[in-house]
Amino acid sequence: MNYRERLKEKKRVVIKIGSSSLTHPQTGRLNLRKLEVLVRELGDLRSQGKDVVLVSSGAIAVGAAALGFKEKPQESRQKQACAAVGQARLMMIYQKLFGEYNQMAGQILMTKNTMVNNANRKNAENTFNELLSMGVIPIVNENDSISTYELQSLEKFGDNDTLSAVVAALIGADLLILMSDIDGLFTDDPNTNPEAEFIDTVEQLDDKLLNMGKGSTGSKVGTGGMATKLTAARIATAAGTDMVIANGGDFHNIHRIVEGDKCGTLFVGKKQEEFYLIDYIEKLL
Ligand SMILES: Nc1ncnc2c1ncn2[C@@H]1O[C@H](COP(=O)(O)OP(=O)(O)O)[C@@H](O)[C@H]1O
Ligand SMILES: N[C@@H](CCC(=O)OP(=O)(O)O)C(=O)O
């Protein structure tokens, strides 16, 4: 079966953008030219009648640059302060750019608590569906300013790869696209192993494939690495969502993927009958 063909029929798409795809590596500041392309790509998906959700990293990186940090801070409270400044800047710029294309964006900040608490999860689901029914593009990020590992319960998703898969499963998205700083999944980290080979399509996630995903060595701002992207693939595909990991160096890849072109690594969604999102979250995270 040509799984790429069916990507053309997708109606509800979640796109996750990593920090390294949104910022200049030298300064950590937002790459405004790339943001323009991203907003045009997502706005055009909306114009095609698709529901679009953006999960955008970058709050900590943008806040750190604005506050004069030379590197992404390691101390939790400094990261939280950077996120508070950076998230506000990110949303301001997204609102302005989407407005120029006559599109409306909204903000949804989540923690793991949003998902494991039944009332919060239902509220989040209702908000997403209401915004999408109004033609709004929800922009999602982890609420880094309040959720840290140091708090009593493990409240943080920790990475937006996993968060984007949880959002896709929550709202019944039929496609999840993770834009990263690499072309897709390789048999090993190509930044450390030049023999690593690109993988075009994954029909079944087994331990051999899961062990290929290592940490992040491609950029100074990345959090998740490939390991979290494979966790995301486990959640998304079990919920029946197709997932693609593609290179965020060129945001035009978004429409190439949606038009069924060979771009990135495709993980084929196969809904597991016994799939229950909260069990997955409790077990995997
Ligand atoms: N098997 C693998 N295939 C591809 N990339 C891998 C693999 N294992 C580890 N990586 C690393 O994961 C990085 C992408 O994750 P990350 O640094 O979090 O970037 P982003 O935040 O842009 O998604 C790649 O740059 C690469 O160094
Ligand atoms: N919530 C954090 C991003 C965490 C994250 O997953 O970052 P990345 O690996 O760049 O997608 C932030 O906005 O800085």
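Residues numbered from 1 in each chain as written. Chains lettered and ligands numbered in written order. Predicted model: local features only at pLDDT ≥ 70, side-chain atom pairs only at ≥ 80, totals over all residues. Heavy atoms only, no water.

> I tried to follow the pattern of salt bridges on my own but got confused; where do I start?
When the charged atoms of two side chains with opposite charge come close together, those side chains can pair. In total, this model carries twelve salt bridges according to the counting rule given. Across the pair glutamate 5 and lysine 8 runs a salt bridge whose closest N-O atoms are separated by 3.2 Å. Given a relative accessible area of 39%, glutamate 5 falls into the partly exposed group. By relative accessible area, lysine 8 is classed as partly exposed at 38%. Note that aspartate 250 and arginine 256 form a salt bridge whose closest N and O atoms lie 2.8 Å from each other. Taking the relative accessible area as the measure of exposure, aspartate 250 reaches 26% and is therefore partly exposed. On the basis of relative accessible area, arginine 256 is assigned to the partly exposed category, the value being 29%. Linked by salt bridges that have partners in common, Arg4, Asp200 and Lys262 make up one network. (Salt bridge = Lys/Arg side-chain N within 4 Å of Asp/Glu carboxyl O. Buried < 20%, exposed > 50% of the residue type's maximum accessible area, 1.4 Å probe, protein only.)

> What am I meant to see in the environment of leucine 7 here?
Examined against the element boundaries, leucine 7 turns out to sit in the segment before strand E1 (12-17). Given the relative accessible area of 0%, leucine 7 is considered buried. Between the C-alpha atoms of leucine 7 and valine 244, which are 237 residues apart in sequence, the distance is 10.0 Å. Once residues lying within four places of it in the same chain are set aside, the contact partners of leucine 7 are Leu175, Asp242, Val244, Ile257, Val258 and Leu266. (Helix = DSSP H or I, 4+ residues; strand = E, 2+ residues; numbered from the N terminus. Contact = heavy atoms within 4.5 Å.)

Just geometry here; none of it tells us what the structure is for.
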